Amino acid sequence: GIPPGPARAVPTDLLREASRRLGIIALLGGVLWALNTIIGTLTASALDLRSDYLALLRGFDAIAVTSIVVSLALYLYTRKADRDPRVSIDLGLWYLVYTGLALGLTIHWEPPPPAIPVFPMITWVGVAAVMFAAIVPSSPGKTLLAGLIAVSMNPVGMFVARARGTWDFGSPGNVLLMHFPDYLLVGVSVVVSIVVRRLGLQVAQAREMGSYHLGELLGSGGMGEVYRATHRMLARPAAIKLIRQEMLGAANREAAQLAVTRFRREAQAASSLRSPHTVELYDFGVTEDQTLYFVMELLEGMTLETLVRQKGPVPAGRTIHILRQVCESLEEAHARGL
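All residue numbers refer to position in the chain's written sequence, counted from 1. Side-chain atom pairs in this predicted model are given and counted only at pLDDT of 80 or more, local residue features only at pLDDT of at least 70, and totals for whole chains, interfaces and linings cover all residues. Computation of side-chain values covers all heavy atoms of the structure but excludes hydrogens and water.

Visitor: How do you make sense of the pattern of salt bridges when you look at a structure like this?
Guide: Charged atoms that come close allow side chains of opposite charge to pair. Any Lys or Arg side-chain nitrogen found within 4 Å of a carboxyl oxygen on Asp or Glu counts as a salt bridge. Counted under the stated rule, the structure contains 8 salt bridges. One salt bridge connects glutamate 17 with arginine 20, and the closest N-O pair in it is separated by 2.6 Å. With glutamate 17 and arginine 20 both in helix H1 (residues 12–47) and 3 residues apart, this pair spans about one turn of that helix. Remark: exposure states derive from per-residue accessible area (1.4 Å probe, protein chains only) relative to the maximum for the residue type, with buried under 20%, exposed over 50%, and partly exposed in between. You can call glutamate 17 partly exposed: its relative accessible area is 32%. What makes arginine 20 partly exposed here is its relative accessible area of 34%. We count a stretch as a helix when DSSP gives it H or I for four or more residues in a row; a strand needs E for two or more, and each element gets its number in order from the N terminus.

Laid out in structure tokens, this is it:
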């Protein structure tokens, strides 16, 4: 079993991916606000609508333009590579609250036709609360608070319409009657948030290997993935490479046993390498689900590909300097039968 450790959190790479999804949702929201404004303006021009309706559209346009600016600002923020994804997640909840306000004002800017009484309804604000809970892995408490504030923007929109003198909806109790389904959806969003967060914590637990806890994903390739890792007792960071058995030709049980045996033999040989140009191997093993892993020193810096992309073609002298180090490392590995 896995020994108890510090309180787990959703892995950083999952939060970063959620931040990217949040940016896409914000961009989509900005596009929808823009399309709604353009279509409304073209329709008004084509139908030569009366002046009071044009005044209504101008109110909508002001809300839409503000929403476009807010949406694009959040999108651009989430695109920054150095942003803390946890900050992006919190901004996403504030974005939900703002979206609730914008939709609440838009939906209730004008009253419904007199023939339609005040009746319970689900609005886009409630739907957005559930959608954000699935996309933004925040804590249930934050999800509940943001959702309640967001759906309460619908009643705010109704009271704003009353203050403007455009809608007398009668008793204040009608506000709750009309929007209680949205408050029920907030409850659904909390359940969704609990499920999503639990899945994230399960991923974090699944990434714990012996004395190491896996952090963010550093890279992936045909053989497997490499993660930043932290030792439970030591402060020393490390990199853990997970190797899928199918990439070693483990097509059946017998082949899997052979792959594990070969892996252990090569790992023991690799751990004896002492060249300063060879990544140091700290540990290796096989998890309960038969995933093979190396624990290696964590190297800070850039890849050769990044070097070429940023600096251009490498001069001949520097190329020789790099290749000599590579050859010295390979020479020792070949001498030990690798």
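Visitor: Any chance you could explain the nonpolar core here in plain terms?
Guide: Taken as a class, soluble globular proteins show a tendency for nonpolar side chains to be buried jointly. In terms of nonpolar packing, the biggest core is built from 28 residues, with Trp33, Ile63, Leu96, Phe132 and Val136 touching the most fellow members. Contributions of two or more residues to this core are made by H1, helix H2 (51–79), helix H3 (85–107), helix H4 (124–135) and helix H5 (140–151). Sorting elements by how many residues they give to this core places H3 first, with 8 residues. What makes two residues a contact is simply this: any of their non-hydrogen atoms within 4.5 Å. When near neighbours in sequence (up to four residues on either side) are disregarded, phenylalanine 132 contacts Leu22, Ile25, Gly92, Tyr95 and Leu96. Residues belong to a common nonpolar core when they are buried Ala, Val, Leu, Ile, Met, Phe, Trp, Tyr or Cys residues joined through side-chain atoms within 4.5 Å.

Visitor: Just checking my understanding: could you explain the layout of surface pockets for this structure?
Guide: Any space left empty among the atoms is revealed by the rolling of a water-sized probe across them. Space inside the largest pocket adds up to approximately 1,400 Å³. Going through the elements one at a time, strand S3 (224–231), strand S4 (237–243), helix H8 (253–271), strand S6 (292–297), helix H9 (304–311) and helix H10 (316–335) are the ones with two or more residues in the lining of the largest pocket. Tallying contributions element by element places H8 first for the lining of the largest pocket, with 5 residues. Gly counts as polar in this scheme, as do all residues outside two lists: the nonpolar Ala, Val, Leu, Ile, Met, Phe, Trp, Tyr, Cys and Pro, and the charged Asp, Glu, Lys and Arg. Of the residues that constitute the lining of the largest pocket, the class distribution is 23 nonpolar, 5 polar and 7 charged. A volume near 700 Å³ is recorded for the second largest pocket. Note on definitions: the grid is 1 Å and covers protein atoms alone; a cavity is a set of points where a 1.4 Å probe fits but cannot get out; a pocket is an open set with protein on both sides within 12 Å along at least five of seven lines; lining residues have an atom within 4 Å of a point. Around the second largest pocket, the lining is made up of 19 residues, and of these Leu32, Trp33, Thr99, Leu103 and Trp124 lie nearest the centre. Only H1, H3 and H4 provide two or more residues apiece to the lining of the second largest pocket. Grid points are joined across faces, edges and corners, and a volume is the space filled by probe spheres set on the points.

Visitor: Got a minute to help me understand the packing of H3 against helix H6 (residues 153–163) in this structure?
Guide: In helix packing, the relevant descriptors are the interaxial angle and the interaxial distance, both defined with respect to the helix axes. Following both chains from N to C, one finds H3 and H6 inclined at 35°, their axes separated by 8 Å at the closest point. At the point where H3 passes H6, the crossing takes the right-handed sense. The residues of H6 that touch H3, namely those facing Val97, Gly100, Leu101, Gly104, Leu105 and Ile107, are Met153, Asn154, Gly157 and Val160. Looking at the contact of H3 with H6, its residues break down into 6 nonpolar, 4 polar and no charged. Note on definitions: angles span 0 to 180 degrees between N-to-C directions of axes, and those axes are lines fitted to C-alpha atoms, for helices only across the stretch in contact. Two helices crossing with the near one rotated counterclockwise from the far one by less than a right angle form a left-handed crossing, whereas a clockwise rotation gives a right-handed crossing.

Visitor: What is the right way to look at a nonpolar patch on the surface in this model?
Guide: Patch membership requires more than 30% relative accessible area and the absence of a salt bridge. Residues of like charge join within 9 Å; the nonpolar side chains Val, Leu, Ile, Met, Phe, Trp and Tyr join within 5 Å. What sets the accessible areas is the Shrake-Rupley method with a 1.4 Å probe; for residues, cover comes only from the shown protein chains. Judged by side-chain polarity, Leu27, Leu28, Val31, Leu32, Leu35, Ile39 and Leu72 come together as a nonpolar surface patch covering roughly 590 Å² of accessible area. Examining the composition of the nonpolar patch, we find that 6 residues originate from one element, H1, more than from any other.

Visitor: Help me understand the packing of aromatic side chains, please; the structure alone is not making it clear to me.
Guide: To describe a pair of aromatic rings, one takes the distance between the centres and the angle between the planes. Each Phe, Tyr or Trp ring, with Trp reduced to its six-membered ring, pairs with another whose centre is within 6.5 Å; inter-plane angles below 30 degrees give stacked pairs, above 60 give edge-to-face pairs, and intermediate values give tilted ones. A complete count under the given rule lists 1 aromatic pair for this structure. Ring plane angle 40° and centroid distance 6.1 Å describe the contact between tyrosine 95 and phenylalanine 132, whose orientation is recorded as tilted. With tyrosine 95 in helix H3 and phenylalanine 132 in helix H4, the pair connects residues that are 37 residues apart, well separated along the chain. Looking at tyrosine 95, the relative accessible area reads 7%, which means it is buried.

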